[in-house]
Each structure stands twice: as structure tokens, then as C-alpha cells.
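Each chain, written out:
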There are 2 protein chains.
Amino acid sequence: MKKISAYLPMLDWIRTYNRHQLGNDSLASLIVMVMLIPQSLAYALLAGLPPEMGLYASILPLIVYAIFGSSRTLSVGPVAIISLMTAAAVGKLALEGSADYMMAAITLAFVTGLMLLIFGILKLGFLANFLSHPVISGFITASAVIIALSQLPNLLGISARGHNLLEIVPALFNSLTAANSELNIISVMIGLGTLVYLVWARVGLVGLMRKLGTSAETAIICSRLSPILAVIVTTALAFWFDLGAAGLALVGHVPSGLPDFSLPRFSLDLWQSLLGSAALIATIAFVESVSVAQGLAAKRRQRIDPDQELIALGTANMSSAFSGGFPVAGGFSRSVVNFDAGAATPAAGVYAAILIGVATFLFLPALAYLPKATLAATIIVAVWSLIDVPILKKAWRFSAADFMAVSVTIVLTLFFGVETGVAAGLIVSVLMHLYKTSKPHVAIVGQVPGSEQFRNIDRHMVETHAHILSIRIDESLYFANTRYLEDLIYKLIAEQHELKHVILMCNAVNDIDLSALESLEAINERLREVDIKLHFSEIKGPVMDRLQNSNFLLKLTGQVYLSQYLAVKNLSAPQQ
Amino acid sequence: MKKISAYLPMLDWIRTYNRHQLGNDSLASLIVMVMLIPQSLAYALLAGLPPEMGLYASILPLIVYAIFGSSRTLSVGPVAIISLMTAAAVGKLALEGSADYMMAAITLAFVTGLMLLIFGILKLGFLANFLSHPVISGFITASAVIIALSQLPNLLGISARGHNLLEIVPALFNSLTAANSELNIISVMIGLGTLVYLVWARVGLVGLMRKLGTSAETAIICSRLSPILAVIVTTALAFWFDLGAAGLALVGHVPSGLPDFSLPRFSLDLWQSLLGSAALIATIAFVESVSVAQGLAAKRRQRIDPDQELIALGTANMSSAFSGGFPVAGGFSRSVVNFDAGAATPAAGVYAAILIGVATFLFLPALAYLPKATLAATIIVAVWSLIDVPILKKAWRFSAADFMAVSVTIVLTLFFGVETGVAAGLIVSVLMHLYKTSKPHVAIVGQVPGSEQFRNIDRHMVETHAHILSIRIDESLYFANTRYLEDLIYKLIAEQHELKHVILMCNAVNDIDLSALESLEAINERLREVDIKLHFSEIKGPVMDRLQNSNFLLKLTGQVYLSQYLAVKNLSAPQQ
């Protein structure tokens, strides 16, 4: 039984917390707060939710993660992909903008969190491993394309909507070509202006600051913070020139202050409809958070505990549900900024949460004048860097199975949405693995003359005997390849009529499961019926232990030899 | 492209067909026919269908299989498990006994057949390998229990129904304890009498005939044919004593003669509701048929082609649909009888089909007086031998993963029905395999003093160096275990602060996929950040080829060594 303290990584750092760490954490929290505000607003918009919910999702989850999280620097809150998945999941159940839609998003955060928490307690973190890297890259790439496209309408001031290419592209086309096109020139100017500024801030600003003698870290932090300036400037423009009256879409009135305590809806129907989506969101949230956390931890020779991360992300999502938020995860860019700004402990997250809480009192009224086009531009620039086209080329060069997995994931995500895409990617990669191991490399071997070595008869000049067939299997024997092995052996014995002995050389067999054992029993029995003996050589220790737990060795018509050399030497002797 | 003739294994035997084979086949077909008639009637009853449909499903499918099948002796027709699965699938959609129910069963045969055919053409037979032996054994055992229990009401003359224990047991209990219990004493006598006779025929008859000097084969064939005698005797009793009037449930009037040509219903709705069931039935039908066919073929050193079997079973099922039948498969007992009776070619199946066709004209009217209790007893005895309790003990002794797979399959099949059971078994065995390979055996190795050998430091007295860490991984590296590997390496380097070199010894790594490559890149990068070099030793040829298709080796901070000995020798030299 794990001690309670093992579930509270906070205890590791809070006992030795000192002034130096306090200073570092405070500075980092200030920087993260400035970055988080526009990002949170934007991702709430992406999820189809009121912008203040983005801020709500950035307060309590940060504090809860600081208590339960095993990473020192991961920053939890709304992230792009999870927001898109939230929109896809909730959009199936309720109309965007309705109270039901908000309630479904809150409940989704709770169900996702509960699922993560249960998986963490049961230590099922390994399940996330079944999403292969190419599938994740493909999924994120396709999601980023969908996100960028889904923000075009906000940028252009039109109202096209959709969760995949088949929905978005025709909607965009119809909106733009309609007789009464809604295209708003002010929106386009604000949006494109912000876009150009943000791209410059990413590309040009860093170079400029470096030339002016700033350190690389500071330059990158400034570039990451650039959206806040766009928010301030465009909000001010909209206010001074009353651009809302000219047709520019604004965020509009939002309630000031901290969120009320909210409860997810405890309805069996709603939970059932959300369960599949929650499972996918939980998986992606976990995989993304852990890989970001692991990357940052390794840089300081720290470690993170994946099962503990499940618990921390689970409680963070549940706390998001109780404070009017939506599903959250550890974000890449925010965590990197937190790390680079010098955050030493998760206390930095707590301070950031407090600062955002204060901001909800001070700045929320001003958001009424924030143009949606500004947020759309922020999102487009943020997700652009997630698009990983080279993965296709890399997978193509590396292996057909990986290329298949990544392209199926990209195509299905683009055309059928995030949930179909990630589910298909998962299934394809598992099937591809099973397919590969279901047809293992098998060699017929013979003796290298004058040595005790046995090699593939197709590649080497080796000695064989007409009445002995030696087969080397380069894979663990388990249910997916037992039928292949049976087929192969029956095929080989049907071809060789002088055969008296079959030797299976098992030096590369790491495991034998019950299916394989039963296949070996069947092979032994069928060979016996045609007067051929079955022998084994070079069985590994753990595999031999397991075979001795069955009565297979008693029924075996032949012998188990320590080495292939001894087997052939014995069986080829004249007496045999 | 495969030649057309490759799809017609019939061409292999028909060109050399001779009088000797004709004699053998004719005798076998006669015996199979006698066995098939009661079996087909009984399995139709089990599927909830009119008994004549069982005969219909035994005519055209046998002929079609003879044309396309690669097995010389497999006998195709209604089988117990598939009939139970048909009842479960169709029972969800229509009321037993209704025209819709029959139509759904016919359509199910068509969809199942089409699926098998497509899988055969696409050569996807390997997919069936993912059902492990323990899962199949567990599934068949639990199905046999359900089948036996589901026949009790017919035996007792009551009307309880159900597709799993949770449905059948309470229904049986209610029927028996109701104030107006329907328990029919004549039914019980006929049923139990038949049961006792059939058990004796299985157990005692063989021994008796052997004592009287009959050969083992003949004794077994007679025992297999014993149900026909029970059918004849009990039908005669019911006719002479007019037992129907006394409340004994009889089969009742059935139309005489061959089936009319029937068409499956081409309704998208119906197909969608049948698709999942059809996939499961197709899988079980394929797995069962292939293992029976393979077992028989091996006894004569013949071979069967699994992909061709998919095509043959597919067309057989489609032909069943066109002739008023339901889903069929290769049956174990009928195929064994066919084999033991000396069938030389699939022509035996054609002759049996013709004989059954003739029988539909001669005997169908007499079936009106056949007691349902007789058929119920036949089914119970037939499925009893399918129950494999020792598999639980065997799996328990052999491995936890296999025990888990078999017990989950048995419990879920018993309590939630065949479809849930087999689906869960499939998922559990794949997950178990992935789980096992996701935590591969990894050893830290050191040099055996005075040799070039490297062994596990926990098991042997070996030499190590504080600045070198050598890790041997006993598994292919792929997406399911890359995170484990990363975790492990980060954990190890966090513990050893003098470390300068990590060597991965890859002599047991049969494959590296793109996920693993990216993990290795990440490990390389993170080790670089903390000034540790990453090296490899003993990479296998095909794995090295693949790594050279990427630019990983260019980025590698360390070297690739041909042997672990060379790696340590080089890195421990004083200059390093």
C-alpha cells in the first residue's frame, strides 16, 4: 500500500522551500500570468465557450496541480488540442452558446478528470503507451490544421463553423461567395494585422533582441508574451473608435470576478454520451502533459512519475469542473515559458493562479471591447508550430507500418474529426504491431562447416541433413504468430519426405504464451502421427521455467538440448 | 495477381478423381448424411429457427465448399456455437418465430459470408490470430454451458428462454416454481431417456463394440450416429401414442422438399445492426473451421490455405443465405466422422448434400412427430464435450496473463452473452500482450572478469565502471515500451552522478519502430544536455539498416560498437 505522502509530491519541495526559490517562482508566475490571459481567452473561444471560462480553467487547476503533480514546472490549463476536442465532443450534444453546451463542457471536465484519477490509482498509465509517436504527431498536425481553419471565420468576421475539413471548407466557401457576404473589412484588418505582428514577434523579434544584446531566454520569453500587447492595442482601438458599432465582432460583456462554485451534471445519459470523448481527451491530455513534463524534468535531472501525473491531471480537471472551467492539460508553450523564466517549484503555478484571480477583478470588464479577430490570430499563430509535415517523410523513409499509421491518422482526423482520427490511429498502430509480429522472421539453419555455429541456409554455405530440419524463430511465440508457425512447419514437413527430426532453435524466443504452448503441443502430436520427432535447442531460462509448469516436456516426442550443436550432433549420429 | 485456378482448389483433385476415391467418398457421405440430419434439425432449433432451415443450411453450403475449400475433409453446415451466436444476434432484432426473425437470420448468413469473402480476397486471415487459444477455449466452454442450459426448457417441456445465465437461470427458476408449472412429465421422460441413451452410446457403446472386436474407427462412427436412432424411436413413440395431444412439444408440420431460392434483405439499417454480430460470427466460424481443417490435413500431410478457407466459408455462407439457411461453419464432429469414414475428396460433401436433398423429400413430413425434447438431448450431449474446465487450471499454472484472458472470457460470456464475451476476450488478450511487452526485461550488465562476456549485475559477479552504464534490453523497441525505456534511463542517470557514458546493448532487439527511434533521439538529446554520451553495441543487421534510413546516427553523441566488449574496452581506456 502506498503511503498518503506518496500521493502528495508537494511534500517533497514545500519543507525546504526558501527565499531564493520564492524569488524565482514569483518572477516566473508573473510572466506566465501575462502569457496565460490571452491564451486562456482564445482557447475558451476555440472550445465554443465564453472567454471567461478560459480564465476560470486557469485558476483552481493550477493550484490543484501544484499539490498533486510530480513535475516541478508543468503549467496546467486550457490547451489548443484539448479545447478543439472539447468543442467536437460537446458540439454533438448541445447548441454552441446554450446553457446546455456550457454544462456539458463542465461535466466533460469532471468525467475526464474522474477517469484520469481512477487510471492513476489503478496505475494504468502504461495504457497511454499504445498511442505511438507517429500517431500522436499525425493527430496533432491534423488537429492544428483544423484549428487554424476553424479560426479563419473569426478572423474574417464571418460565421462559418465546423469540426473537420468536410464541414469547415464548404461553410467557408458558402459564407465568402454568398450574395450578402458577411466579410468584414475591419475584422480582416485587425485579424491580419495581429497575425503579421505575432509572426514577426516569433521570427523577427527574437533576432532583433539578440542583436541588441538580450539573452536568448529573455528574447524567447518576450516573443511568447507578445500576444498580450496585441490584446491591449486592439482592445483599445475597438474602444476608442467604437469598432463594435462598425460590425467588428467583440467578446462582449463578461461577468467580473471569480467563478461561482459549479457542479457537473450527474446524469447517466449525459455521462454515457461523454464517456468515449472523455476517454480520448484523457489519453491525449495525459500523453501530451507527460511528454512535456518529462522533457523539462530531464533537463534538470529530475524525474516525473506518470501514474502520479494521472492523479494530478485528474484532480486538476475535476477542480476545473467545480470552478466553471473545461478540460485542461499541461501546455507545451506555457510550461516552457515557466521553465525558462526560472520557476523552481510548483509554487510558481499557485502564484500565477492568484495573479489570474486578481486579474479577473481588474480586467474582465475591459474584455468587452476585445476583438474576436485578435484571439483568432493568436490561436492560428500558436497552433502553426504544432504542424509537423516532416513526420510524413521521416515515417516514409523509416518504415511502411509507421507511414501507414501516421497517414491514416492525419487523413481521418482531417476529414472525420479528432475523435475518429485518434481512435483509428490507435487501432492502426496496434494492428500494425500485431501484424509485424504475427509473421516473424524464421530461418532454416545449417551448421557452418568446422564450427559449432548454425546459420541461415539461404545466406551461408552450411551443412544440413536430409532427415533433420532445424528452424530458428526470431520472435517471442504468442497467440498472434502461433498459427503462422504451425502453417510453416506443416508446409515444410509436407515438402520433405525423408524427414525424421524437427529442431526448433529458440535462442531468440523471449516468451511463450499458452496459445503458443498449445500450438507446440499440436505440432508435437501431428509430427508424432507422421513419425517425426520434435526437439528444442537453446531455450532461454525463464521460458524453460514456464514450460516446466506445464506437462508439455513429458509429452514431447524428442529432447531439449542445451545447444543446437549438441542437438544435431546427437541426432545425426549413425545410431539415429 | 493470383490465377483464377488458385481460387478453385477443386481443380486440384477433380482431374485425378478415380473409382477408388468415388467408393470412399460415397460411403463417407452416407454416414455423414445420417449424422447430419438430427444435428441440423437440432441446431436450427438452437438458433430459434424452424428445423427445416437446418437441413437447408446443410445442402448448398456443402456443395459450394467442395468447389472453393482447400480442405479435403472439412464438413460445413450448422454448428452449435454459431447457431447460439445467430440466436443472440437475431434475437436482439426480432421476435423468435416471426418472419422478420427468419429474414434476419438469412441476411446475417449473407453479411457474414460477404465479410469472410472480402477478408479472403484481401488476405486478412491473419487477423483471426488475435483470438488467442485460451480465449477461444474459454469462449467455447462458456458457450457450451449456455447452450446446454438453454436446452433444459425444451427437455422439461417448459418455455424459459435466454441468451446468457442472467436470463436463463431466473427464467428456469420462475417456470419451475410457478403455481401452474408447465413441467411436462412425458417430455422429461423422452428427454432424459434420450440423454441417458446418448451418453451410453458415447461412453459404453464404444467399449462394448471394441470388446466385440469392432475396430476403434467403426465403434466411434457408430457412437456418432447414435442420435439418428433416438430420433427414429422417439418420433415413432410420439406418433403411435399421440403424445402431442398429451402435451409433448413436437416439431410440427414442416414443408416438404428443397428450399425455395431466398434473398437476403438489402436494408442498410438491418445490415448496420447485423455488422458487429456478423464480424464476430465470421471470426469464430473461421477460427474453428481452420483449426479443425488444419488438424485433419496434418494427419495426411496435406495442407490448407487459410485465406482460401475464408473465400470458401464466405461463399458457403452466402449460398446458405440464398437457399433459406443461416450462418454455417466447419463442424468438428461431422468433419471427424467424414475423415474417419474415409472421405478422400470434397466430393464426399457433394454426395452428402445430394442425399440430404433427397431426404428432405422423403422424411420431412415424418418430422411433424419428432419431439423437441429429443433434439434438446442431442444438443446437450453434443456440446458437453466442448466444455474444457482444465484450461482454467492449465492457464493458472502457466501464466497470469493467460489465466486472466480465459477467465474474463468465460465470465463475460456466461453473464453477458457470446458477443460481449468474445469481444472482451479479444481485447483482453491484445492488451495483455501489449502490457507484457510494454515492460520488457532489462538488465544492467557488467563484464565477467577475464572474459569478453557481459552479464546481469544482479545475477553474476561482474566488473563495472562508475562512469559507464551498460543496459541490455530483451525486447524489440516499439511504441508500447518506448516510454518505459525513457523512464528507466532517466531514473538510472538521476541516480548515478559520475556517469559519462550510457551503452545500450541491442543483441535481443529484433525491431525498432519510429516511436522508439524518436525516443532514442530524445534520450540522446537529454543525455547530451547533462554531458552523458549515448552508445550502442551489437545492433542486429536489419535494425542497423533501418537506423541508417534516418539521420539518428549522425546526431548520436556516442558510437555504435560491433560488440559490447569493444565498447567498454574503448570507453574505459584512460584517455576517456
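All values derive from a computational prediction rather than experimental measurement. (Residues numbered from 1 in each chain as written. Chains lettered and ligands numbered in written order. Predicted model: local features only at pLDDT ≥ 70, side-chain atom pairs only at ≥ 80, totals over all residues. Heavy atoms only, no water.)

Visitor: Is there a simple way to think about the overall build of chain A in this case?
Guide: Broken down by element type, chain A carries 23 helices and 8 strands. Projected onto the principal axes, the alpha-carbon positions of chain A cover approximately 105 × 65 × 60 Å. Residue burial in chain A is summarised as follows: out of 576 residues, 58% are buried. Summarising the internal contacts of chain A: among those between residues at least 6 apart in sequence, 80% fall at separations of at least 24. Here chain A displays about 23400 Å² of accessible surface, and carbon together with sulfur accounts for 64% of that area. (Helix = DSSP H or I, 4+ residues; strand = E, 2+ residues; numbered from the N terminus. Buried < 20%, exposed > 50% of the residue type's maximum accessible area, 1.4 Å probe, protein only. Contact = heavy atoms within 4.5 Å. Areas by Shrake-Rupley, 256 points an atom, 1.4 Å probe, with all protein chains shown as cover.)

Visitor: Can you help me understand the sheet that holds strand 3 (residues 442-447) of chain A in this one?
Guide: Note: strands within a sheet are paired through backbone hydrogen bonds, in either parallel or antiparallel orientation. All names here are of chain A. Spatial strand order, 4-3-5-6-7-8: 6 strands in an open sheet with mixed pairing. Bordering the open sheet on either side are strand 4 (454-456) and strand 8 (560-561), each of which pairs with just one other strand. Pairing of strand 7 (residues 533-537) with strand 8 involves 2 bridges; the strand directions are parallel. Each residue of the ladder has a partner; that of Phe536, found in strand 8, is Val560. Strand contacts of helix 20 (residues 514-529): strand 6 (501-505) and strand 7, with the helix running at about 140° to strand 7, the strand carrying the most contacts. Together, strand 3, strand 4, strand 5 (468-473), strand 6, strand 7 and strand 8 form the strand contacts of helix 23 (residues 564-571), whose direction differs from that of strand 6 by roughly 170°. (Pairing = 2+ DSSP bridges. Axes fitted to C-alpha atoms, helices over the stretch in contact; angles between N-to-C directions.)

Visitor: Can you help me understand the interface of chain A and chain B in this one?
Guide: How large an interface is tends to be reported as the accessible area lost when its parts come together. The interface of chain A with chain B comprises 68 residues on the first partner and 67 residues on the second. Around 6500 Å² of area is buried between chain A and chain B when both sides are counted, 57% of it from carbon and sulfur atoms. Counting across the chain A and chain B interface gives 6 salt bridges. Here Lys394 of chain B makes a salt bridge to Glu521 of chain A, at a shortest N to O gap of 2.9 Å. Scanning the region where chain A abuts chain B turns up 20 residue pairs in polar contact (both at pLDDT 80 or more). (Buried area = accessible area lost by both parts, 1.4 Å probe. Salt bridge = Lys/Arg side-chain N within 4 Å of Asp/Glu carboxyl O. Polar contact = N/O pair within 3.5 Å; in protein donor to acceptor, adjacent residues only side chain to side chain.)

Visitor: Looking at this structure, I do not really get the relation of the copies chain A and chain B. What am I missing?
Guide: One chain copy maps onto the other through a rotation about an axis and a shift parallel to that axis. Mapping chain A onto chain B is achieved by rotating through 180° and translating by 0.0 Å along the same axis, at an RMSD of 0.1 Å. Interpreted geometrically, this transformation is the action of a two-fold axis. Within chain A, Ala508 of chain A has its C-alpha nearest the rotation axis, a separation of 3.5 Å. Both copies share a contact surface, since 99% of the interface residues of chain A are interface residues in chain B too. (Least-squares fit on C-alpha atoms with pLDDT ≥ 70 in both.)

Visitor: Sorry, what's going on with the packing of aromatic side chains here?
Guide: Aromatic rings in a pair are described by how distant their centres are and how their planes are angled relative to each other. All told, the structure shown has 17 aromatic pairs over all chains when counted by the stated rule. Centroid distance Phe239 of chain B to Tyr369 of chain B: 4.9 Å. Interplanar angle 80°. Geometry classified as edge-to-face. With Phe239 of chain B in helix 10 (residues 216-240) and Tyr369 of chain B in the loop between helix 14 (347-362) and helix 15 (372-384), the pair connects residues that are 130 residues apart, well separated along the chain. A relative accessible area of 49% means that Phe239 of chain B is categorised as partly exposed. On the basis of an interplanar angle of 75° and a centroid distance of 5.0 Å, the ring pair of Tyr478 of chain B and Phe479 of chain B is categorised as edge-to-face. Arg546 of chain A extends its terminal NZ or CZ atom over the ring of Phe398 of chain B, reaching a point 5.6 Å from the ring centre. (Phe/Tyr/Trp six-rings, centres within 6.5 Å; stacked < 30°, edge-to-face > 60°. Lys NZ or Arg CZ within 6 Å of the ring centre and 35° of its normal.)

Visitor: Honestly, the pattern of salt bridges in this entry has me stumped. Any pointers?
Guide: Side chains bearing opposite charge may pair, as long as their charged atoms lie close to each other. Residues and elements named next belong to chain A. Under the defined criterion, the tally for this structure stands at 20 salt bridges over all chains. Its salt-bridge partner being Glu419, residue Lys92 comes within 2.8 Å of it at the nearest N-O pair. Of this pair, Lys92 sits in the loop between helix 5 (80-91) and helix 6 (99-121) while Glu419 sits in helix 18 (residues 418-438), placing them 327 residues apart in sequence. For the salt bridge of Asp511 with Arg546, the shortest nitrogen-to-oxygen distance reads 2.9 Å. Here Arg546 lies in helix 21 (residues 541-547) and Asp511 lies in the loop between strand 6 and helix 20, a separation of 35 residues in the sequence. Overall, the relative accessible area of 23% leaves Arg546 in the partly exposed class.

Visitor: Just checking my understanding: could you explain the sheet that holds strand 6 (residues 501-505) of chain B for this structure?
Guide: Residues and elements named next belong to chain B. Taken in spatial order, the 6 strands make up an open sheet running 4-3-5-6-7-8, and their pairing is mixed. Each having just a single partner strand, strand 4 (454-456) and strand 8 (560-561) make up the two edges of the open sheet. Here helix 20 (residues 514-529) sits on the sheet in contact with strand 6 and strand 7 (533-537), set at roughly 140° to strand 7.

Visitor: Is there a simple way to explain the nonpolar core in this structure?
Guide: Inside soluble globular proteins, nonpolar side chains tend to come together where they are buried. Ile493, Val502, Leu504, Ile512 and Phe536 of chain A together with Met85 of chain B are the most contacted members of the largest nonpolar core, which totals 164 residues. Residues within four places of Ile512 of chain A in sequence aside, it is in contact with Leu477, Leu517, Leu520, Val543, Arg546 and Leu547 of chain A together with Phe398 of chain B. Membership of the second largest hydrophobic core comes to 158 residues, among which are Leu296, Ile356 and Val422 of chain A together with Leu547 of chain B. (Core = buried A, V, L, I, M, F, W, Y, C linked by side-chain atoms within 4.5 Å.)

Visitor: How do you make sense of unusual backbone geometry when you look at a structure like this?
Guide: Leave glycine aside and you will find that most residues have negative phi; peptide bonds, for their part, are mostly trans. A positive phi angle, close to 45°, is found at Asp242 of chain A, a residue other than glycine. Looking at where Asp242 of chain A falls in the secondary structure, it is placed in the loop between helix 10 (216-240) and helix 11 (268-299).

Visitor: It is not clear to me how the packing of helix 17 (residues 400-416) of chain A against helix 18 of chain A should be interpreted in this structure. Could you clarify?
Guide: Axes are the key here: two packed helices are described by the angle between their axes and the distance separating the axes. All names here are of chain A. Packing of helix 17 against helix 18 brings their axes to within 7 Å, and their N-to-C directions diverge by 165°. Classified by the angle their axes make, helix 17 and helix 18 are roughly antiparallel. Crossing handedness for the pair helix 17 and helix 18: right-handed. On helix 18, the residues touching Ala401, Met404, Ala405, Val408, Thr409, Leu412, Thr413 and Phe416 of helix 17 are Val418, Thr420, Gly421, Val422, Ala424, Gly425, Val428, Ser429, Met432 and Lys436. (Parallel < 35°, antiparallel > 145°, perpendicular 65-115°, else oblique. Left-handed = near helix turned anticlockwise from the far one by under 90°.)

Taken by themselves, the reported measurements are silent on function.
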